[in-house]
2 protein chains.
Amino acid sequence: MKKELLKKIIKKIFIRHKLNSKHASICANALINAELVNAKAHGISRLKMYCDRIKKKVINPKPKIKIKKISPSISQINANNSIGFVAADIGIKQAIKNAKKTGIGLVGIKNSGHYGLSSYYAEQAVEKNLIVFCFTNAPPAIAPHGAKKKLFGTNPICFGTPTSSKIPFILDTSVSVINRGKIRVAAKTGKKIPPGVALDKFGRPTTDAKKALAGVQLPIAGFRGSGLAWMVDILSGVLTGGNHGGKVKDPFDDFSGPQNIGHLFIVLKPNLFVGNYNQRIKENIKRIKKLPKVKGVKEILYPGQSKFYRYKKNLNKKINISPNVAKDLKKLNA
Amino acid sequence: MKKELLKKIIKKIFIRHKLNSKHASICANALINAELVNAKAHGISRLKMYCDRIKKKVINPKPKIKIKKISPSISQINANNSIGFVAADIGIKQAIKNAKKTGIGLVGIKNSGHYGLSSYYAEQAVEKNLIVFCFTNAPPAIAPHGAKKKLFGTNPICFGTPTSSKIPFILDTSVSVINRGKIRVAAKTGKKIPPGVALDKFGRPTTDAKKALAGVQLPIAGFRGSGLAWMVDILSGVLTGGNHGGKVKDPFDDFSGPQNIGHLFIVLKPNLFVGNYNQRIKENIKRIKKLPKVKGVKEILYPGQSKFYRYKKNLNKKINISPNVAKDLKKLNA
């Protein structure tokens, strides 16, 4: 389906679910963006879930989002159980504003929900020539080091910076070996997952995606990855006032209340300490790209580069919709 | 040797190498701390290297360190090629001051050198009931993903938070599979390193510590660890005005000029968004510690906990000095 048409349909579906036109647009744009970068697990496969949560009154389609000024640099947002896209969109714009004014912007968001790709918000800051961190927590997926029960979300660490080229540097890495969304897609399509990625519910290694979803995902690098996941839970949950310590509900399976996910955005001006940041980062990337390459590697890519190429490549192509998702879409649009 | 005596000797050695008494104390304290937490690779095994660099005029023993106020939250420090300990000590204290005043403190440091353990500075902020990030870059050790030549340092990510108990949460993780210092100690003592940690200079896997030092270390989790190392290089080097992109000199092998390492400290008040952070973090840790444990695990530890236990255990014991280091110490103290 053409992306313009798909966007129109998604927007219409959200408006039917009581979102105002502006909020529906924000959500449609975020979902289309996920499709365009091939992050299918954050794309329209989630649309039905969002609508279900609105129907069951665990997402508030008409949130009264409050922005509280803590200082010229620091703002707090109470998202009033809005859909995560809307809270994050308002949050990153506020962090950008604070950074432009004072050099550094810090925004803590509570009572939010799943917001899709962190990179989508990081890109907004980088477009304004700013450096950015985005943190969010997520429902339990990873076992803390030493535990056999999942508790941490896949808790991405996201960092972005301008590069002086049109392709931003956006690192957006979950601290699980692979993204939970990829396991979810594998489970839906009946594909196997690689070994070393997850344990089943009895703590045994598995390559069965469904068993992995019922079990635990493994963090990258043992205690190091476990520590990074814990850090993200503290920054996005404990610090902001959001849920934390395993209390974020799974959006697909648990309709007993709102998710109350927390997000934390930190935004910096790049020229705080040097007059020529863009020149310096250009030089940095140039030096690294010039290194001798491992056999078979044509180009050393910086984080975000291959995502940008995927986006460009997909921009004028039709968006591929799986039969399952097409069925959902038809029902929701009926 | 008793730590009080060892400290006296180290201080005397630094004063002989032209540091003033206050700076010599800062350095001695940092080295003793590394010994007490069993981080031998950051302890007195480095003393001779620091003295050599002073003698060869690539560390400035009498630096004129300039602190420039960018805003009430943000300061820049030009360390004037001081020994890293001194620059970092001044830097973390400034970041703490800024955070206490405005809620958030950001300090960028350039023209510094190797500062030892990031956790040592993070602990200072946490002692003042603050949340902290410490970033520093380091000489080339890790190959970027896709490259066969080392360029990134082991570039630690360090995050600390108060816990409401006397044991701070301090994550201090290098983005290499193991610390370079550990490989260095293995090379000195003739021990093997685990497989999967490093490649030799021809790009072949090796367990020989000396060959690993001549080759490249592997980042955790492939492109994810490589991306995190790149992020730390940008934050500590590109942003601050320090060296970056593989230009930080090896302190042991390269006396052709100062290291010009960069550090970045971010410090936050924990109660910016919630009134009861300490209660919340206590609850967070409690929930995680209560999880069912993997067979053989007695307690789920948070980052920094085992380091704290090592410190406590070593506090009243003599510090073990290897014959090689004892020889260095004797010469420097002669």
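Residues numbered from 1 in each chain as written. Chains lettered and ligands numbered in written order. Predicted model: local features only at pLDDT ≥ 70, side-chain atom pairs only at ≥ 80, totals over all residues.

A. A look at the overall build of chain A. The secondary structure content of chain A amounts to 11 helices and 9 strands. Rg of the C-alpha trace for chain A: 20 Å, near the compact-globule value of 20 Å for 334 residues, within the 12% margin. A principal-axis box enclosing the C-alpha atoms of chain A has dimensions of 55 × 50 × 45 Å. Counting only contacts in chain A whose residues sit at least 6 apart along the sequence, the fraction spanning at least 24 positions is 62%. (Helix = DSSP H or I, 4+ residues; strand = E, 2+ residues; numbered from the N terminus. Rg over C-alpha atoms; globule rule 2.2 N^0.38 Å. Contact = placed C-beta atoms within 7 Å.)

B. Up close: the interface of chain A and chain B. Contact residues are listed per partner, giving 54 residues for chain A and 55 residues for chain B. Mapped by element, the contributors of at least two residues to the side of chain A that touches chain B are β2 (74-78), β3 (104-112), β5 (157-161), β6 (169-173), α8 (223-238) and α9 (277-289) of chain A. Top contributing element to the side of chain A that touches chain B by residue count: α9(A), with 7 residues. Here the residues of the side of chain A that touches chain B sort into 31 nonpolar, 16 polar and 7 charged. (Nonpolar A, V, L, I, M, F, W, Y, C, P; charged D, E, K, R; others polar.)

C. Representation of the sheet that holds strand β5 (residues 157-161) of chain B. All names here are of chain B. Across the sheet, 7 strands lie side by side as β1-β2-β3-β9-β4-β5-β6; this open sheet has mixed pairing. Of all the strands in the sheet, just β1 (66-69) and β6 (169-173) have a single pairing partner and so form its edges. Taken over all neighbouring pairs, the strand axes of this sheet differ in orientation by 10 degrees on average, direction set aside. The strands touched by helix α5 (residues 118-127) within the sheet are β4 (131-136), β5, β6 and β9 (261-268), with β5 carrying the most contacts at an inclination of about 25 degrees. (Pairing = 2+ DSSP bridges. Axes fitted to C-alpha atoms, helices over the stretch in contact; angles between N-to-C directions.)

D. The arrangement of the nonpolar core in detail. A:Cys27 and B:Cys27 are the most contacted members of the largest nonpolar core, which totals 196 residues. In this view, B:Cys27 contacts B:Phe14, B:Leu19, B:Ile83, B:Phe85 and B:Val86; residues no more than four positions away in its chain are not counted. (Core = buried A, V, L, I, M, F, W, Y, C linked by C-beta atoms within 7 Å. Buried ≥ 20, exposed ≤ 12 C-beta atoms within 10 Å, placed from the backbone.)

E. Quick look at the relation of the copies chain A and chain B. If you rotate chain A by 180 degrees and push it 0.0 Å along the axis, it lands on chain B with an RMSD of 0.0 Å. The superposition operator between the copies reduces to a two-fold rotation axis. Measuring from the rotation axis to each C-alpha of chain A, the shortest distance belongs to A:Ala221, at 3.2 Å. Both copies present the same face, since 100% of the interface residues in chain A are matched by interface residues at the equivalent positions in chain B. (Least-squares fit on C-alpha atoms with pLDDT ≥ 70 in both.)

F. Summary view of the pairing of β5(B). Residue and element names in this part refer to chain B. Within β5, 5 of the 5 residues are buried, which leaves it mostly tucked inside the rest of the structure. Side chains Ile157, Phe159 and Thr161 project from β5 onto one buried face, and the interleaved Cys158 and Gly160 project onto a second face that is buried too. Relative to β5, β4 runs antiparallel, the two sharing 4 bridges. The partner of Val132 across the bridge, within β5, is Gly160.

G. Fine view of helix α1 (residues 3-16) of chain A. All names here are of chain A. The end-to-end C-alpha distance of α1 is 20 Å, a good match for the 20 Å that 14 residues give at a rise of 1.5 Å each. Burial in α1 covers these residues: Leu6, Ile10, Lys11, Ile13 and Phe14. For α1, the arc enclosing every buried residue in end-on projection is 160 degrees, short of the 170-degree limit, so these residues lie on one face. What points out from α1, more than 90 degrees from its buried face, is the exposed set Glu4, Leu5 and Lys8. On its buried side, α1 packs onto α2 (21-36), α3 (47-55) and α11 (323-332). Just downstream of α1 lies Lys18, where phi reads positive at about 80 degrees. (Expected span 1.5 Å × (residues − 1). Arc of directions from axis to C-beta.)

H. Summary view of the pairing of strand β1 (residues 66-69) of chain A. All names here are of chain A. In terms of strand pairing, β1 meets β2 through 4 bridges, oriented antiparallel. Bridge pairing in β2 links Lys66 to Asn78. Turn length for the β1-β2 hairpin, with the two strands adjacent in sequence and antiparallel, is 4 residues.

I. Expanded view of the confidence of the model for chain A. Predicted confidence across chain A gives a mean pLDDT of 95, with 100% of residues reaching 70 or more. Interface confidence for the predicted complex, expressed as ipTM, amounts to 0.95; the pTM equals 0.95. (pLDDT = per-residue confidence, 0-100.)

J. How the structure looks around the environment of B:Thr206. Position of B:Thr206 among the secondary structure elements: in the loop between β7 (198-199) and α7 (209-214). Between the alpha carbons of B:Thr206 and B:Ile193 there is a distance of 8.2 Å; along the sequence they are 13 residues apart.

K. Examining α3(A) more closely. Residues and elements named next belong to chain A. Within the sequence span of α3, burial applies to Leu47, Tyr50 and Arg53. One face of α3 carries all of its buried residues, which in axial projection span an arc of 130 degrees. Just beyond α3, the residue with positive phi is Lys57, at close to 60 degrees.

L. Region of the structure containing the sheet that holds β2(A). Residues and elements named next belong to chain A. The strand order across the open sheet built from 7 strands is β1-β2-β3-β9-β4-β5-β6, with neighbouring strands paired in mixed fashion. Two strands bound the open sheet, and with one partner strand each, they are β1 and β6. Ignoring which end each strand starts from, the neighbouring axes of this sheet average 10 degrees apart. Here β5 pairs with β6 via 5 bridges, running antiparallel. In the strand pairing of β6, Phe159 is matched with Leu171.

M. Highlighting the packing of α3(A) against α11(A). Residues and elements named next belong to chain A. Between α3 and α11, the least distance of the axes is 9 Å, while the angle of their chain directions is 40 degrees. When the interaxial angle is binned, α3 and α11 end up oblique. Across the interface between the two elements, Leu47, Lys48 and Cys51 of α3 pack against Asp328, Leu329 and Leu332 of α11. (Parallel < 35°, antiparallel > 145°, perpendicular 65-115°, else oblique.)

N. A look at unusual backbone geometry. Positioned with a positive phi, A:Lys57 is a non-glycine residue whose angle comes to about 60 degrees. Within the secondary structure, A:Lys57 is located in the loop between α3 and β1.

O. Structural detail: the environment of A:Lys148. Relative to the helices and strands, A:Lys148 resides in the loop between β4 (131-136) and β5. Once you skip the residues sitting within four places of it in the chain, A:Lys148 turns out to touch A:Ala143, A:Gly203, B:Pro292, B:Lys293 and B:Val294.

P. Spotlight on the environment of A:Lys188. Residue and element names in this part refer to chain A. Position of Lys188 relative to the elements: it lies in helix α6 (residues 180-189). C-beta crowding within 10 Å serves as the criterion here: with 16 such atoms nearby, Lys188 is assigned to the partly exposed category. Sequence separation of Lys188 and Asn29 is 159 residues, and the distance between their C-alpha atoms is 24 Å.

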